[in-house]
Amino acid sequence: MKAAWFERSGKAGDVLIVGDRKKPDPGQGEVRVRLYASGVNPSDVKKRAGFQPAGLDLTGFVIPHSDGAGVIEEVGAGVAQSRIGERVWVYQAQYQRHQGTAAEYVCLPQQTAVRLPDQADFSIGACIGIPIMTAHRCVFADGDIKGKTILVTGASGRVGHYAVQWAKLFGARVIGTAGNKHRCQLAKDSGADHVFSYKETDLADQIMQVTDGEGVDRIVEVEFGDNIETSCQVLKTSGTIASYSSSRDPEPVLPFYQMMFNNITVKTVLVYNMPEEAKRHAIQDIWRALENGQLIHRIARRYSLNDIAGAHEAIEEGGMDGCVVVDIE
Ligand SMILES: NC(=O)c1ccc[n+]([C@@H]2O[C@H](COP(=O)([O-])OP(=O)(O)OC[C@H]3O[C@@H](n4cnc5c(N)ncnc54)[C@H](OP(=O)(O)O)[C@@H]3O)[C@@H](O)[C@H]2O)c1
């Protein structure tokens, strides 16, 4: 099969190889998916670059990318034959495994290949596993959100874009933040009720103003360390921060007593190992939302498998107005 892989970590252009590999056979409980699209996310490029464990020690090569979409072509023992021919989106293909979705075929446990509604094309299916599921977990990590006010920081980002939409879809009022005028407009287009620049020094005042001095119930946080001071100023008593990243300040100092006096809860979220029940909840909601066309999707760039290095570089560059997808012909 045609595939891309790396045998050592390093710069995309130096280490990514495109060529032929043996087509994998599905084991017990697995399905083999003929992939048509592979999603690229920051964690995929961090693994390739060597910033996060990639699993190179397992076999000496890694086919990157956790997200993808395609059609089930073969099933292993214990999997219903009726799944053959099913259109699916896949998640966690390269989490603690070395064969991801940057290939014509992937074999993976059948529960990580989820039926994709006919309305959603494969490029959308390739953006579900990390961006849409992370956003879902962050929004619902603390239960029902109807009538709540939720602050989504980085509302213009891949995850933020979907966090805004989940929150609106389930009845919350949403305040977003973004980095410039264009990115603020993107967050508004996603449905945020108010959007402010996170670069403004009076951000907390602006948030308190639009909430009539009450503040927000929950925060979906992309830069935990950078924003903890503002978060403490705008969170209501017993508010929750669900954070999926703190890349600019990975070891932040916490204003403990300010947080304690306000009963603030911090929930960290890693999409790969979020509770199974939360995954099932997300999968159900994703099915309904896709079937009813309730989510807006943004594919910022598409690449061929031959140009997978370009796709990795685009993610590293940042500032993409949406997901980056590698098409597998
Ligand atoms: N824990 C998990 O399971 C999980 C899942 C997915 C992603 N992640 C991580 O989350 C991060 C974002 O991923 P992504 O794919 O959504 O990336 P992305 O599309 O590049 O989005 C990053 C967003 O962060 C915003 N931002 C930067 N500094 C900010 C600040 N100080 N305050 C508020 N917003 C700020 C950016 O806003 P502007 O561009 O408007 O300036 C941008 O919208 C990455 O580090 C990724 O590895 C973690």
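Every chain begins its residue count from 1, and numbering advances along the sequence as written. Note on the predicted model: pLDDT of at least 70 is required for a residue's local features to be given, and 80 or more for side-chain atom pairs to be given and counted; whole-chain, interface and lining totals, by contrast, use all residues.

**A look at the overall build of the protein**
Scanning the protein for helices and strands turns up 12 helices and 15 strands. Its C-alpha atoms give the protein principal-axis dimensions of about 60 × 40 × 35 Å. Exposed residues have 12 or fewer other C-beta atoms within 10 Å of their own C-beta, buried residues have 20 or more, and partly exposed residues fall in between, where C-beta atoms are placed from the backbone. Buried residues in the protein amount to 46% of all 329 residues. Long-range pairs, those at least 24 residues apart, make up 68% of the contacts in the protein with a sequence separation of at least 6. In this description a helix means any DSSP run of H or I spanning at least four residues, a strand means any run of E spanning at least two, and both kinds are numbered starting from the N terminus. Throughout, a residue-residue contact means that the two C-beta atoms, derived from backbone geometry, are no farther apart than 7 Å.

**Quick word on the site of the ligand**
The criterion for a residue being near a molecule or strand is simple: its C-beta atom, placed using the backbone, must lie within 6 Å of it. The environment of the ligand is formed by 29 residues, the closest being Gly154, Gly157, Gly179, Arg183 and Ser245. Of all the elements in the fold, those that place two or more residues in the shell around the ligand are helix 2 (42-49), helix 5 (128-140), helix 6 (158-169), strand 9 (173-178) and helix 9 (224-234). Per-element tally for the shell around the ligand: the top contributor is helix 6, with 3 residues. Among the residues forming the shell around the ligand, the class breakdown is 10 nonpolar, 15 polar and 4 charged. Of the domains in this structure, domain 1 (2-127 + 297-327) and domain 2 (132-272) are the two that each give at least three residues to the shell around the ligand. Polarity classes work like this: nonpolar for Ala, Val, Leu, Ile, Met, Phe, Trp, Tyr, Cys and Pro, charged for Asp, Glu, Lys and Arg, and polar for all others, with Gly in that last group. Residue ranges for the domains trace back to a domain assignment, done automatically or taken from a database.

**Focus on the pairing of strand 10 (residues 194-197)**
Sheet faces and side chains relate simply in a regular strand, where the side chains alternate between the two faces. Both strand 9 and strand 10 contribute to a ladder of 4 bridges, which runs parallel. Across the sheet, the residue bridging to Gly176 is Val195, located in strand 10. With helix 7 (residues 181-189) bridging strand 9 and its parallel neighbour strand 10, the resulting β-α-β unit is right-handed. When DSSP finds two or more bridges between two strands, those strands count as paired. Seen with the strands pointing away from the viewer, any crossover whose path from the first strand over the helix to the second strand runs clockwise is right-handed.

**Overview of the environment of Gly147**
Locating Gly147 in the fold gives a position in the loop between helix 5 and strand 8 (149-152). With 9 C-beta atoms packed within 10 Å, Gly147 lands in the exposed category. Sequence spacing of Gly147 and Phe170 is 23 residues, and the spatial spacing of their C-alpha atoms is 8.8 Å.

**A look at the sheet that holds strand 9**
Reading across the sheet, the 6 strands line up as 10-9-8-11-12-13 and stay open at both edges, with parallel pairing between neighbours. Edge positions in the sheet fall to strand 10 and strand 13 (265-268), since each of these pairs with one other strand and no more. Averaged over all pairs of adjacent strands, the angle between strand axes in this sheet comes to 20°, irrespective of strand direction. Here 4 bridges tie strand 12 (residues 235-243) to strand 13, and the two strands are oriented parallel to one another. Within strand 13, the residue paired with Ala242 across the bridge is Lys267. Along the sheet face, helix 7 touches strand 9 and strand 10 and points at about 160° away from the line of strand 9. Most of the contacts of helix 8 (residues 203-210) go to strand 10, to which it runs at about 165°, and overall it touches strand 8, strand 9, strand 10 and strand 11 (216-221). Lines fitted to the C-alpha atoms define the axes, with helices restricted to the stretch that makes contact. Angles between their N-to-C directions range from 0 to 180 degrees.

**Notes on the environment of Tyr244**
With respect to the element layout, Tyr244 can be found in the loop between strand 12 and helix 10 (256-261). When near neighbours in sequence (up to four residues on either side) are disregarded, Tyr244 contacts Thr134, Cys138, Val159, Val222 and Val269.

**Quick notes on the nonpolar core**
For the purposes of this analysis, a nonpolar core is taken to be any set of buried Ala, Val, Leu, Ile, Met, Phe, Trp, Tyr and Cys residues that are connected through C-beta atoms within 7 Å. The biggest cluster of nonpolar side chains holds 94 residues, and the ones touching the most others in it are Val90, Ile150, Val152, Ala163 and Ala167. The dominant element in this core, judged by the number of residues it contributes, is helix 5, at 7 residues. No fewer than three residues from each of domain 1 (2-127 + 297-327) and domain 2 (132-272) sit in this core. Those residues in contact with Ala167, other than ones at most four positions away along the chain, are Val139, Ile145, Ile150, Val152, Ala172 and Val174.

**Details of the domain arrangement of the protein**
According to the domain assignment, the protein contains domain 1 (2-127 + 297-327) and domain 2 (132-272). Inter-centroid distance (C-alpha atoms) of domain 1 to domain 2 is 30 Å.

**Overview of the packing of helix 5 against helix 6**
Two numbers describe how helix 5 lies on helix 6: the axes approach to 8 Å, and their chain directions differ by 50°. When the axes of helix 5 and helix 6 are compared, the pair comes out oblique. Between helix 5 and helix 6 the crossing geometry is right-handed. For the pair helix 5 and helix 6, the contacting residues are Pro131, Ile132, Thr134, Ala135, His136, Cys138 and Val139 in the first and Arg158, Val159, Tyr162, Ala163, Trp166 and Ala167 in the second. When grouped by side-chain class, the residues that make up the contact of helix 5 with helix 6 number 10 nonpolar, 2 polar and 1 charged. Angular relationships are summarised with four words: roughly parallel below 35 degrees, roughly antiparallel beyond 145, roughly perpendicular across 65 to 115, and oblique for the angles in between. By convention the crossing between two helices is left-handed if the near helix lies anticlockwise of the far one by an angle smaller than a right angle, and right-handed if it lies clockwise.

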